[in-house]
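Spelled out, the chains give:
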Amino acid sequence: MRCSSAATSVVWALVESGSLSVVAFMVLLVLARLLTPVEFGIAAIAISIVQIAAAIVETLFHDVIVHRDGLTPRHAASAHTVTLLMGLVLTLAVALSAPLIEAAFGIPGLGPIVAAASPTILFTAISAVPVALMRRNMDFRTVTLRMLIGRTTAGVLAVAAAYATLVRAECG
């Protein structure tokens, strides 16, 4: 690899990390203003539960794909298939266990939020292997743009849902 290519990759990796942090922080600020402290806490718990499951599918084969010598298209396809199946299973498990999670935490309203957030697990599974392949190829620019678009879209949807909840509460 040429030095300029490595330097460019490092810059894009830094841009990814920094921009995702800024987007997350901005969404957090907006949600903190739109939601009551109780609603904000419920959302934080739901997101935490879903992120634990999403991290499993995101990291399942990541390091192997990035670092394995002699990785073949068949290896990548197999990893993608297993990751998608694991993502589907975890998405369904979290969504279907949402009422149990609500009961375990003893927080009314947590279940529907957990269930609504659970598709995030499947979306993470869909992108996990392609992102790992891009990182393997040091295509950090594409990774950065994909992650930034995804995180921004998720943030806009979260803010829209919070705003809809606020409007519904004021009107009803």
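Summarised in this report is the structure supplied together with it. (Residues numbered from 1 in each chain as written. Predicted model: local features only at pLDDT ≥ 70, side-chain atom pairs only at ≥ 80, totals over all residues. Heavy atoms only, no water.)

**Re the overall build of the protein**
In terms of regular secondary structure, the protein is built from eight helices and zero strands. When the helices and strands of the protein are placed in sequence order, the string is α-α-α-α-α-α-α-α. Projected onto the principal axes, the alpha-carbon positions of the protein cover approximately 60 × 30 × 20 Å. A buried classification covers 29% of the 172 residues belonging to the protein. Long-range contacts, defined here as pairs at least 24 residues apart, represent 76% of the contacts in the protein between residues at least 6 apart. Element-wise, carbon and sulfur atoms account for 72% of the exposed surface of the protein, whose accessible area totals about 10400 Å². (Helix = DSSP H or I, 4+ residues; strand = E, 2+ residues; numbered from the N terminus. Buried < 20%, exposed > 50% of the residue type's maximum accessible area, 1.4 Å probe, protein only. Contact = heavy atoms within 4.5 Å. Areas by Shrake-Rupley, 256 points an atom, 1.4 Å probe, with all protein chains shown as cover.)

**Considerations on the nonpolar core**
The biggest cluster of nonpolar side chains holds 15 residues, and the ones touching the most others in it are Val-94, Leu-110, Val-114 and Ile-121. Counting residues per element, the ones that place at least two in this core are α2 (37-59), α4 (73-96), α5 (98-105), α6 (110-117) and α7 (119-136). The greatest single-element share of this core, amounting to six residues, is contributed by α2. When near neighbours in sequence (up to four residues on either side) are disregarded, Ile-121 contacts Val-50, Ala-53, Ala-54, Val-57, Gly-87, Leu-90, Thr-91 and Val-94. Among the nonpolar cores identified, the runner-up in size contains seven residues, and Leu-31, Leu-34, Ala-43 and Ala-162 belong to it. (Core = buried A, V, L, I, M, F, W, Y, C linked by side-chain atoms within 4.5 Å.)

**Section: the layout of surface pockets**
Taken as a whole, the largest pocket holds about 1800 Å³ of empty space. Around the largest pocket, the lining comprises 46 residues; the ones closest to its centre are Ile-47, Thr-120, Ala-154, Gly-155 and Ala-158. Elements represented by at least two residues in the lining of the largest pocket include exactly α1 (3-34), α2, α6, α7 and α8 (140-171). For the lining of the largest pocket, the leading source of residues is α8, giving 12 residues. A class-by-class count of the residues in the lining of the largest pocket yields 29 nonpolar, 11 polar and six charged. (1 Å grid on protein atoms, 1.4 Å probe; cavity = no way out; pocket = protein on both sides within 12 Å on 5 of 7 lines; lining within 4 Å. Points joined across faces, edges and corners; volume = space filled by probe spheres on them. Nonpolar A, V, L, I, M, F, W, Y, C, P; charged D, E, K, R; others polar.)

**A closer look at the packing of α4 against α5**
With their axes 4 Å apart at the nearest point, α4 and α5 run at an angle of 50° to one another. Of the possible angle classes, the one that applies to α4 and α5 is oblique. The segment α4 lies against α5, with Val-94, Ala-95 and Leu-96 engaging Ala-98, Pro-99 and Ile-101. Residue composition of the contact of α4 with α5, grouped by class: six nonpolar, no polar and no charged. (Axes fitted to C-alpha atoms, helices over the stretch in contact; angles between N-to-C directions. Parallel < 35°, antiparallel > 145°, perpendicular 65-115°, else oblique.)

**Describing α2**
Compared with an ideal rise of 1.5 Å per residue, which puts 23 residues at 33 Å, α2 spans 32 Å between its outermost C-alpha atoms and is within 8% of the ideal. Check the buried side of α2 and you find it contacts α4, α5, α6 and α7. (Expected span 1.5 Å × (residues − 1).)

**As for unusual backbone geometry**
For Met-138, which is not glycine, the phi torsion reads 55° and is therefore positive. Looking at the element boundaries, Met-138 is found in the loop between α7 and α8. Judged by relative accessible area, which is 29%, Met-138 ranks as partly exposed.

**Re empty space enclosed by the protein**
Under the defined criterion, the tally for this structure stands at one cavity of 30 Å³ or more. Of the pockets and cavities examined, the largest cavity occupies roughly 30 Å³. Lining the largest cavity we find Val-57, Glu-58, Leu-60, Phe-61, His-62, Ile-65, Thr-83, Ala-128, Val-129 and Ala-132. Top element by residues in the lining of the largest cavity is α7. It accounts for three residues. Among the residues making up the lining of the largest cavity, the classes are represented as seven nonpolar, two polar and one charged.

Geometry only, nothing functional implied.
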